[in-house]
Amino acid sequence: MSVEPRQLVEVRAMRARDVPAVLEIEQLSYGYPWSERIFHDCLRVGYRGWVATDLNARVLGYTLLSVAVDEAHVLNLCVAPDARGHGVADRLLDALIAQAARENAERVLLEVRPSNKAARRLYKRRGFQRIATRPGYYPSPEGREDALLLELALV
């Protein structure tokens, strides 16, 4: 069941009870998914998290953000496979960028796989600039894959 743009009704704070739905999206999306414990730990230590939901309160996507001093770091952003291409990721980015600005972050950083072309297009469209490469950052079937470090300047 895919989502129509008008069916996205809310981006709200992630709660512990959202973790099973978030974990399902994570497992559908990544060959090396985060564990349930990692998501609970992120919420426990106070990282900011959001979920995007539809009219039936189904979680369509999620994101997690860490803010320290003047820097925000996107820890994870993912959209359910059947909800991609409908603006869900944009809405989640809006939430985390607004939070970073509220917390006086001067920039937002994230890593993305070079092979994740859809995510790279999204981040480029939203103004993120490549500032570095982290060699061998991600696990992959071939061993390790680099990460592109991207930055969005807020000031």
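Coordinates for the structure precede this section.
Owing to the predicted nature of the structure, the values given are computational and were not obtained by experimental measurement.

All right, on to the environment of C42 then. Of note, C42 is situated in helix α2 (residues 36-44). Note on C42: relative accessible area 7%, which makes it buried. Counting along the chain gives 26 residues from C42 to A16, while the straight-line C-alpha distance between them is 10 Å. Ignoring any residue separated from it by four or fewer positions in sequence, one finds C42 in contact with W34, Y47 and L64.

What follows concerns the side chain of Q99. Counting through the fold element by element, Q99 comes out in helix α3 (residues 88-102). Discounting residues that sit within four places of it in the chain, Q99 has contacts with R48, W50 and L65.

The next point concerns the layout of surface pockets. Considered as a void within the structure, the largest pocket measures approximately 1,100 Å³ in volume. As for the largest pocket, its lining consists of 39 residues, of which Y30, L77, N116, A119 and Y123 are closest to the centre. If you list the elements that add at least two residues to the lining of the largest pocket, you get α1 (19-29), β4 (71-79), α3, β5 (107-112), α4 (117-125) and β6 (129-140). The dominant element in the lining of the largest pocket, judged by the number of residues it contributes, is β4, at seven residues. Partitioned by chemical class, the residues of the lining of the largest pocket number 21 nonpolar, 10 polar and eight charged.

Let us now look at the packing of aromatic side chains. Per the counting criterion, the structure on display carries four aromatic pairs. Geometrically, the ring pair formed by Y123 and F128 is edge-to-face, given 5.4 Å between the ring centres and 65° between the ring planes. Judged by relative accessible area, which is 4%, F128 ranks as buried. Pairing Y137 with Y138 gives two aromatic rings, centres 4.9 Å apart and planes at 85°, and the pair type is edge-to-face. Linked through ring pairs, W34, F39 and Y62 together constitute an aromatic cluster.

Rules of the game
- Residues numbered from 1 in each chain as written.
- Predicted model: local features only at pLDDT ≥ 70, side-chain atom pairs only at ≥ 80, totals over all residues.
- Heavy atoms only, no water.
- Helix = DSSP H or I, 4+ residues; strand = E, 2+ residues; numbered from the N terminus.
- Buried < 20%, exposed > 50% of the residue type's maximum accessible area, 1.4 Å probe, protein only.
- Contact = heavy atoms within 4.5 Å.
- 1 Å grid on protein atoms, 1.4 Å probe; cavity = no way out; pocket = protein on both sides within 12 Å on 5 of 7 lines; lining within 4 Å.
- Points joined across faces, edges and corners; volume = space filled by probe spheres on them.
- Nonpolar A, V, L, I, M, F, W, Y, C, P; charged D, E, K, R; others polar.
- Phe/Tyr/Trp six-rings, centres within 6.5 Å; stacked < 30°, edge-to-face > 60°.

Taken by themselves, the reported measurements are silent on function.
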